[in-house]
Amino acid sequence: MAQELNDVPIRLPVETVVFDLGGVLIDWNPDYVYRHIYPDPVRRQWFFENICTHEWNLEQDAGRPLAEATAEKVAEFPEYAEQIQAFYGRWEEMLGEAIAPNVALLKQLRAQGNVRLYALTNWSQETFPIALDRFDFLQWFEGIVVSGLEGVIKPYREIYEILLSRYSIPAATSVFIDDNYLNVEGARAAGMQALHYTEADQLRKDLAPLLSSSTP
């Protein structure tokens, strides 16, 4: 297992903070739909591990059309047609609320005005506009790289390089925050500093050196 590196001091000065969205700033969970379809958690987990899997959802995050993915999955498991169609048919119900403490941190960074703010997310291009309409704070970023629009997902190095190149961000003076450790490793492989998000208080502690050193 890769060693956790959040306790390593940030190489200052940090000029850019890049946030993941789902799991860091926005709550998204298919259980919000499927706990009603499959009240039994064991049966629900089996469905996610064998039918509408995480890996399958990532294919749509990489740009595959939702209708195509759904049709192929239904053809593979026709006995689960209704349950499969619910995944994207009821996708909005899977979208929870903003993760308030982290949005407050984003607001603080924006108010300070001494770091650039971007987002990098694995998200379907077809569903991302729903989030844009629902969450005003997504307008606070100078730019957002959405995997579904780029045709490549985290943790592949290419998507980090798209972000860095498009917005002229020096990798060594940027820090990326993600709740998926594989994506954190991907960012580090691209030369970025990166923090593995686990909970809000720890994130503030991890970012404290950045915030204090960036004060004008």
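Residues numbered from 1 in each chain as written. Predicted model: local features only at pLDDT ≥ 70, side-chain atom pairs only at ≥ 80, totals over all residues. Heavy atoms only, no water.

Caption draft 1: The arrangement of the overall build of the chain in detail. Scanning the chain for helices and strands turns up twelve helices and seven strands. By principal-axis analysis of the C-alpha atoms, the chain measures approximately 60 × 40 × 30 Å. Classification of the 216 residues of the chain by burial places 50% in the buried group. Restricting the contact set of the chain to residue pairs at least 6 apart, pairs at least 24 apart contribute 71%. On the chain, roughly 10,500 Å² of surface is accessible, and the fraction owed to carbon and sulfur atoms is 52%. (Helix = DSSP H or I, 4+ residues; strand = E, 2+ residues; numbered from the N terminus. Buried < 20%, exposed > 50% of the residue type's maximum accessible area, 1.4 Å probe, protein only. Contact = heavy atoms within 4.5 Å. Areas by Shrake-Rupley, 256 points an atom, 1.4 Å probe, with all protein chains shown as cover.)

Caption draft 2: Up close: the environment of C52. Along the chain, the position of C52 falls in the loop between α2 (41–50) and α3 (54–61). Residues C52 and I84, spaced 32 residues apart in sequence, show a C-alpha to C-alpha distance of 6.7 Å. The residues touching C52, leaving out its near neighbours within four places in the chain, are Y34, F47, I84 and F87.

Caption draft 3: Representation of the pattern of salt bridges. Under the definition given, this model contains twelve salt bridges. E59 serves as the salt-bridge partner of R64, at 2.9 Å between the closest nitrogen and oxygen. R64 gets classed as buried once you look at its relative accessible area, which sits at 17%. We classify E59 as partly exposed; its relative accessible area is 39%. Its salt-bridge partner being R90, residue E93 comes within 2.8 Å of it at the nearest N-O pair. Classification of E93 by relative accessible area gives partly exposed; the value is 41%. Each of E59, R64, E68 and E72 takes part in salt bridges that share partners, so that together they form one network. (Salt bridge = Lys/Arg side-chain N within 4 Å of Asp/Glu carboxyl O.)

Caption draft 4: Main features of the side chain of R44. Among the secondary structure elements, R44 is positioned in helix α2. Its relative accessible area of 12% is what places R44 among the buried residues. Polar contacts involving the side chain of R44 include one to the main-chain carbonyl oxygen of Y38, which spans 2.6 Å. (Polar contact = N/O pair within 3.5 Å; in protein donor to acceptor, adjacent residues only side chain to side chain.)

Caption draft 5: Quick peek at the packing of aromatic side chains. Under the defined criterion, the tally for this structure stands at 18 aromatic pairs. An aromatic cluster is present here, built from W28, Y34, Y38, W46, F47, F48, W56, Y80, F87 and Y88 joined pairwise through their rings. (Phe/Tyr/Trp six-rings, centres within 6.5 Å; stacked < 30°, edge-to-face > 60°.)

Caption draft 6: Examining the side chain of K154 more closely. Residue placement: K154 occurs in the loop between α9 (147–150) and α10 (157–166). Using a relative accessible area of 2% as the deciding quantity, one classes K154 as buried. A polar contact is formed between the side chain of K154 and the side chain of D20, at a distance of 2.9 Å.

Caption draft 7: Just the nonpolar core, in detail. Core analysis: the biggest nonpolar cluster contains 52 residues, and F19, L21, L25, Y34, L138 and F141 have the highest contact counts within it. The element best represented in this core is helix α5 (residues 81–89), accounting for five residues. The residues contacting F19, other than those within four sequence positions of it, are V24, L25, L106, L109, L117, Y118, A119, L120, F141, F176 and I177. By size, the runner-up hydrophobic cluster in this structure holds 19 residues, among which are V152, L164, Y181 and A194. (Core = buried A, V, L, I, M, F, W, Y, C linked by side-chain atoms within 4.5 Å.)

Caption draft 8: The arrangement of α3 in detail. Taken together, the buried positions of α3 are W56, N57, L58, Q60 and D61. Buried positions along α3 lie against β2 (26–28), α4 (66–76), α5 and α9. Positive phi appears at G63, one or two residues downstream of α3, with a value of about 115°.

Honestly, it's all geometry; don't read function into it.
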